[in-house]
Amino acid sequence: MNNEELLPAIREGRTWLRRFQRRQYRDAFLAYTERFGPLYASAVTQRGAAALAAALLDEMEKGWAQRRFWNRGAAQAEEKQMLVMYLTPMLLGLSAPGCADLAQSLHDGWIARRPKDEYQLATYAEIQSGFRNAILGIDIRS
């Protein structure tokens, strides 16, 4: 399994981030997991969590370096959002061995490379429960 098959899970952010809304996130997350879950489960068993995380972070940094300097920050922020909102919850939810370790290794590797840009690990259920049910800023009980 090469990185080119795995990187779209992080780099195709616009497709998935548009659907990060209270009513669309569930279906988007299920589609994301169906598409990328088997790839990551297979890759982590073949390569190991720490090695795979380091390789993915290296590829992300190469991609940012190839962008124009005024686009690098936006690309980094978008890919971090994909890590937080889709990839990490998917990895934490997969039952394949090593997937949770990969999520932790990605997290630790990100923090080691960017100590001032930390993020927290969260499951799908934790993220989904964070959406507010509101109209015009007024919370509505379910």
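Up top you'll find the structure we're talking about.
The rules behind each value
- Residues numbered from 1 in each chain as written.
- Predicted model: local features only at pLDDT ≥ 70, side-chain atom pairs only at ≥ 80, totals over all residues.
- Heavy atoms only, no water.
- Helix = DSSP H or I, 4+ residues; strand = E, 2+ residues; numbered from the N terminus.
- Rg over C-alpha atoms; globule rule 2.2 N^0.38 Å.
- Phe/Tyr/Trp six-rings, centres within 6.5 Å; stacked < 30°, edge-to-face > 60°.
- Buried < 20%, exposed > 50% of the residue type's maximum accessible area, 1.4 Å probe, protein only.
- Lys NZ or Arg CZ within 6 Å of the ring centre and 35° of its normal.
- Expected span 1.5 Å × (residues − 1).
- Core = buried A, V, L, I, M, F, W, Y, C linked by side-chain atoms within 4.5 Å.
- Contact = heavy atoms within 4.5 Å.
- Bend = angle between axes of the 7 residues up to and from the residue.

A. Spotlight on the overall build of the protein. When helices and strands are tallied, the protein shows eight helices and two strands. Listed N to C, the secondary structure of the protein is α-α-α-α-α-α-α-α-β-β in terms of helices and strands. Its C-alpha atoms give the protein a radius of gyration of 16 Å, within 12% of the compact-globule value 14 Å for 142 residues. In terms of overall dimensions, the protein has C-alpha extents of about 45 × 40 × 25 Å along its principal axes.

B. Geometry of the packing of aromatic side chains. All told, the structure shown has 13 aromatic pairs when counted by the stated rule. Considering the side-chain rings of Phe29 and Tyr124, the 4.6 Å spacing of their centres and the 20 degrees angle between planes classify their relative orientation as stacked. Placement of Phe29 in helix α4 (residues 25-47) and of Tyr124 in helix α8 (residues 124-128) is noted, with a sequence separation of 95 residues between them. Overall, the relative accessible area of 7% leaves Phe29 in the buried class. Given the relative accessible area of 22%, Tyr124 is considered partly exposed. Taken together, the aromatic side chains of Trp16, Phe20, Tyr25, Phe29, Tyr32, Phe36, Tyr86 and Tyr124 make up a single cluster linked through ring pairs. Across the ring face of Trp110, the terminal group of Arg114 is positioned such that the distance to the ring centre comes to 4.6 Å.

C. Seen up close, helix α5 (residues 49-66). With 18 residues, α5 ought to run about 26 Å at 1.5 Å a step, and its terminal C-alpha atoms sit 26 Å apart, in line with that. Those residues of α5 that fall on the buried side of the exposure criterion are Ala49, Leu52, Ala53, Ala55, Leu56, Leu57, Glu59, Met60, Gly63 and Trp64.

D. Quick look at the nonpolar core. Counting 38 residues, the largest nonpolar core has Tyr32, Tyr40, Tyr86, Leu87, Leu91, Leu102 and Leu106 as its most contacted members. For this core, the elements supplying multiple residues, two or more each, are α2 (8-11), α3 (13-17), α4, α5, α6 (69-93) and α7 (99-113). Top contributing element to this core by residue count: α4, with nine residues. Other than its neighbours up to four places away in sequence, Leu91 contacts Tyr40, Cys99, Ala100, Leu102, Ala103 and Leu106.

E. How the structure looks around α4. Phe36 marks the point of greatest bend in α4, at about 45 degrees, and the proline Pro38 comes within the next four residues. All buried positions along α4 are accounted for by Tyr25, Ala28, Phe29, Tyr32, Phe36, Gly37, Tyr40, Ala41, Ala43 and Val44.

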